[in-house]
Amino acid sequence: MNTEKVAARRLTAEEVSELGLQDEIFVAAEVEELRLDCYARATLTKSGKNFEGGSFTAKTIFGDEIHVLPDNAEESGIWVADKAGEEIEVLQTAGVLLNLALFVPNGNRESLEALYTAAREAFGAGIVQRWDEEVVAVPDVKVDLFEEPARGRKGTGGQNRDRRALDIYPTRVRFMEASAGWKFVLEPHQEHVDDTPTI
């Protein structure tokens, strides 16, 4: 395990409630529900003042969500970097796992193999791995992607729509997330026509 020593101090629940989403904290490190005897860098999932009941949820840089009661002496708590604090062991990353959705125009099995081979040559054999592969034919059609409230009132005429992107291939939408409380709406692409009078 690769760790580094970091000077930090433990926060009380009151101090944690003053933290925002950008503040870096340290919480107990877990890997696939295995609790490790060290800490991981993390951030709160929402501003500290928005939590209730003294329990906070943090998301580590490894993607794990940890629920913490900072004032509980039996838990490892929430820590923040402080040169005057005590040393803690912080788990380091071994690298970055990229989940990629590749769109290959007019793609076939040979072009995908060429991409895979090129990636292995660039990063080294054994480094690039295909965890899950789904080859899906993409129809040659363009759509407009909108967001609208998930529970919109009937008869609003769509004035609440927020145009998010143009020319989205339908399959690509599967790799996007709608904003909280909103849903995606796909429509056949309409070319924008500027009918402003000109002289």
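Located above this text is the structure these notes cover.
If you're wondering where the values come from, they're calculated on a predicted model, not measured in any experiment. (Residues numbered from 1 in each chain as written. Predicted model: local features only at pLDDT ≥ 70, side-chain atom pairs only at ≥ 80, totals over all residues. Heavy atoms only, no water.)

(A) Layout of the overall build of the protein. Scanning the protein from terminus to terminus reveals 2 helices and 10 strands. Start at the N end of the protein and walk to the C end: the helices and strands fall as β-α-β-β-β-β-β-β-α-β-β-β. Within the protein, the proportion of its 199 residues that are buried is 25%. Long-range contacts, defined as pairs at least 24 residues apart, comprise 58% of the intrachain contacts of the protein with a sequence gap of at least 6. Total accessible area on the protein stands at roughly 14800 Å², and carbon and sulfur atoms take up 49% of it. (Helix = DSSP H or I, 4+ residues; strand = E, 2+ residues; numbered from the N terminus. Buried < 20%, exposed > 50% of the residue type's maximum accessible area, 1.4 Å probe, protein only. Contact = heavy atoms within 4.5 Å. Areas by Shrake-Rupley, 256 points an atom, 1.4 Å probe, with all protein chains shown as cover.)

(B) Geometry of a nonpolar patch on the surface. A contiguous nonpolar patch, built from Val 96, Leu 98, Leu 100, Leu 102 and Leu 115 and spanning about 570 Å² of accessible area, is present on the exposed surface. With respect to the helices, strands and loops of the structure, Leu 100 is situated in the loop between strand 7 (86-91) and helix 2 (109-123). (Patch = residues over 30% accessible without salt bridge, like charges linked within 9 Å, V, L, I, M, F, W, Y side chains within 5 Å. Salt bridge = Lys/Arg side-chain N within 4 Å of Asp/Glu carboxyl O.)

(C) Spatial organisation of the packing of aromatic side chains. Under the criterion given, the structure shown has 2 aromatic pairs. The ring of Phe 51 has Lys 46 sitting right over it, with the charged end atom 5.0 Å from the ring centre. (Phe/Tyr/Trp six-rings, centres within 6.5 Å; stacked < 30°, edge-to-face > 60°. Lys NZ or Arg CZ within 6 Å of the ring centre and 35° of its normal.)

(D) Broad picture of the nonpolar core. Among the nonpolar cores identified, the biggest contains 15 residues, and Val 16, Ile 25, Val 27, Leu 44, Phe 56 and Ile 78 are the most heavily contacted of them. The contact partners of Leu 44, leaving out residues within four places of it in the chain, are Val 16, Leu 19, Leu 21, Ile 25, Phe 51, Phe 56, Thr 57 and Ala 58. Formed by 7 residues, the second largest nonpolar core is a distinct cluster that contains Ala 8, Phe 26, Trp 79 and Val 90. (Core = buried A, V, L, I, M, F, W, Y, C linked by side-chain atoms within 4.5 Å.)

(E) Looking closely at the side chain of Thr 57. Considering the arrangement of structural elements, one finds Thr 57 in strand 4 (residues 56-60). By relative accessible area, Thr 57 is classed as buried at 12%. Within the local environment of Thr 57, its side chain forms a polar contact with the side chain of His 67, the two groups lying 3.0 Å apart. If we skip the residues at most four places from it in the chain, Thr 57 touches Leu 44, Thr 45, Phe 51, Glu 65, Ile 66 and His 67. (Polar contact = N/O pair within 3.5 Å; in protein donor to acceptor, adjacent residues only side chain to side chain.)

(F) Quick look at the environment of Lys 83. Tracing the backbone through its elements, the reader meets Lys 83 in the loop between strand 6 (79-81) and strand 7. In this structure Lys 83 comes out as exposed when scored by relative accessible area, which is 85%. Along the sequence, Lys 83 and Val 6 sit 77 residues apart, while their C-alpha atoms lie 8.4 Å from each other.

(G) Examining the pattern of salt bridges more closely. Tallying each qualifying case throughout the model produces 7 salt bridges. The salt bridge involving Asp 82 is made with Arg 9; its shortest N-O contact spans 3.0 Å. Of this pair, Asp 82 sits in the loop between strand 6 and strand 7 while Arg 9 sits in strand 1 (residues 3-10); the two residues are 73 residues apart in sequence, bridging distant segments of the chain. For Arg 41, the salt bridge goes to Glu 24, with nearest N and O atoms at 3.1 Å.

(H) The arrangement of the environment of Cys 38 in detail. Relative to the helices and strands, Cys 38 is located in strand 3 (residues 34-44). With 11 residues separating them in the primary sequence, Cys 38 and Val 27 have C-alpha atoms 8.5 Å apart. Those residues in contact with Cys 38 that sit more than four places away from it in its chain are Met 1, Thr 3, Val 27, Ala 28, Ala 29, Glu 89 and Leu 91.

(I) How the structure looks around helix 2. The end-to-end C-alpha separation of helix 2 is 21 Å, in line with the 21 Å expected for 15 residues at 1.5 Å each. Remark: Gly 124 follows helix 2 within two positions and exhibits a positive phi of approximately 105°. (Expected span 1.5 Å × (residues − 1).)

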